[in-house]
Structures are given as C-alpha cells and as structure tokens.
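Per-entry structural report
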Amino acid sequence: MRSAEIIRKTAETDIRLSLNLDGNGKSAIDSGCGFLDHMLTLFTRHGCFDLLLECCGDVEADYHHTAEDIGICLGKAFFEALGDKKGITRYGSMILPMDEALIMSAIDISGRSYLGLDLPLPSTRVGDFDTELTQEFFEAFVRSSEILCRQSGNRDPVRWRGGCCAGGCAGCVCSGRCDGVHLSYGSTPGRAVSVPPAGEKSVRSPKGYAAAGWHSGPRQYRHNSSDSRCTGDSGGA
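Definitions and cut-offs
- Residues numbered from 1 in each chain as written.
- Predicted model: local features only at pLDDT ≥ 70, side-chain atom pairs only at ≥ 80, totals over all residues.
- Heavy atoms only, no water.
- Phe/Tyr/Trp six-rings, centres within 6.5 Å; stacked < 30°, edge-to-face > 60°.
- Helix = DSSP H or I, 4+ residues; strand = E, 2+ residues; numbered from the N terminus.
- Buried < 20%, exposed > 50% of the residue type's maximum accessible area, 1.4 Å probe, protein only.
- Core = buried A, V, L, I, M, F, W, Y, C linked by side-chain atoms within 4.5 Å.
- Contact = heavy atoms within 4.5 Å.

In this description, a pair of aromatic rings is defined by centroid distance and the angle of the planes. As enumerated under the stated definition, the model contains eight aromatic pairs in all. An angle of 40° between the planes, with centres 5.1 Å apart, marks the rings of Phe35 and Phe129 as tilted. Here Phe129 lies in strand β9 (residues 129-130) and Phe35 lies in helix α1 (residues 34-47), a separation of 94 residues in the sequence. For Phe35, a relative accessible area of 1% puts it in the buried group. Where Phe78 meets Phe141, the ring centres are 5.3 Å apart and the plane angle is 80°; that geometry is what we call edge-to-face. Of this pair, Phe78 sits in helix α2 (residues 64-82) while Phe141 sits in helix α3 (residues 133-145); the two residues are 63 residues apart in sequence, bridging distant segments of the chain. When sorted by exposure, Phe78 lands in the same class as Phe141, which is buried. One aromatic cluster is present, built from ring pairs that chain together Phe43, Phe49, Phe78 and Phe141.

This is the structure we're talking about:
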C-alpha cells in the first residue's frame, strides 16, 4: 500500500496528515477552514485517495499559513508514498466542464517542481477564504511533491452556485471555478499515480529514474509572478 503520514508543527500551524494513494476516496478533513475542507474533499474523492487531515492554525489572522502548510504536507505525503515511482503512469490530464467554467489540468510526476497557473478568478473571496490562496496551496504542493503541474481555465464568469457549494461559503460567483480546479486536479494525479494493468515495473523516463530535486539535494526555487509559475532548476524528462 502506497501511503505516508506527515506530522508538521510550527509556530503557525500544527498539522497531522495521513494519505493513502490506493484508497477509495474517503476523507476526514478538519483544516479550520470550511471552504478548504470542501476543496480537499473534492481532491480526494475524485483522485480516489484516502486522506485524514487535522490542522490547527493561526486562522484568527487569515488562512494563508493554513493553506500553504497543508500544501507542503500534502506534497510531502505524495512524495513519500510514491517512493521510487516505478510502474506509475507518470502523466495525467483532464478537461473538466463545470457549468460556465472549463478547467484544464495536466501533471507530470517527473521529480521537477513547476507550476503554470492561468486561472482568472472573478472574485477575491469565497466566504472568508481569499481566492489568491489557491495559488499558494498549489505552489507549496508542487514544491514538496516534485510534480510538474499546469492548470488553466476560461475567462467567462461562473454563475452563483447556491447553498450546497463550498461548505457554507455558498453564493460566491467564483466558487464554481475553485470547485473545478480541485476536482480536476484531484482526478489528474489520480491517473498519473495509477499503475497500468500490465504491471510495468520501470520508471517512465529514458533516465530510468524520476529526476531528483527538492528532497535529494539543494536546488534553486524561482517564482515568476508575471505568469504565476514556480519552477525548480533541474531539467530533462
């Protein structure tokens, strides 16, 4: 069973996280933010991962540290659970229609962290959650998981969602797009971490291994705020 448990305590957050990549989409999540709980539930449900998460953070200020640190821990859990990555599909992609929103998501479990995010959101907040923290979450996730991720969405406004959306943060015009981002992204790594029926045991790279990076040695981390990308410095497929 490909699983990992991460415990991380700082002056800002206290997190305990357990991840099973070969699960059934079950989750028990308490991040301290209802909207983030809802997003992570979508992530696990559609990725068919099992996720247990408890987070106690300094939410009296805002959710910045909570969102970023959960992204760090979830990424570390993916990295540890995947091990040497032998036999996995490696690539995953999905185009997800959700009402007026259309989300495109693609990842490469390559050992190189990169985020290309083009998701214009028509509102700055969903309830008390700042939508800019979606980028903070994914930047933290790709850094610690060593996964390449690209996501984009249409620029059409999404409709008001109604009472069932986003764990009590309903009625915000951008919640549909945030839903789609996490739903699409949950399905995408679910495909990439899957093991083909033939049971291939090699790493899908001409090198014979997934490129080493963040966890195995020093690397520079670059963030280009003009196009919302973060990158690591190792290269190759």
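Right, let's get into the nonpolar core. Grouped together as the largest cluster of nonpolar side chains are 47 residues, with contacts concentrated most on Leu17, Leu19, Leu40, Ile70, Leu74, Phe78 and Ile109. Among the elements that line this core, the one with the most residues is α2, at eight residues. Other than its neighbours up to four places away in sequence, Leu40 contacts Ile29, Leu53, Ile70, Leu74 and Phe137.

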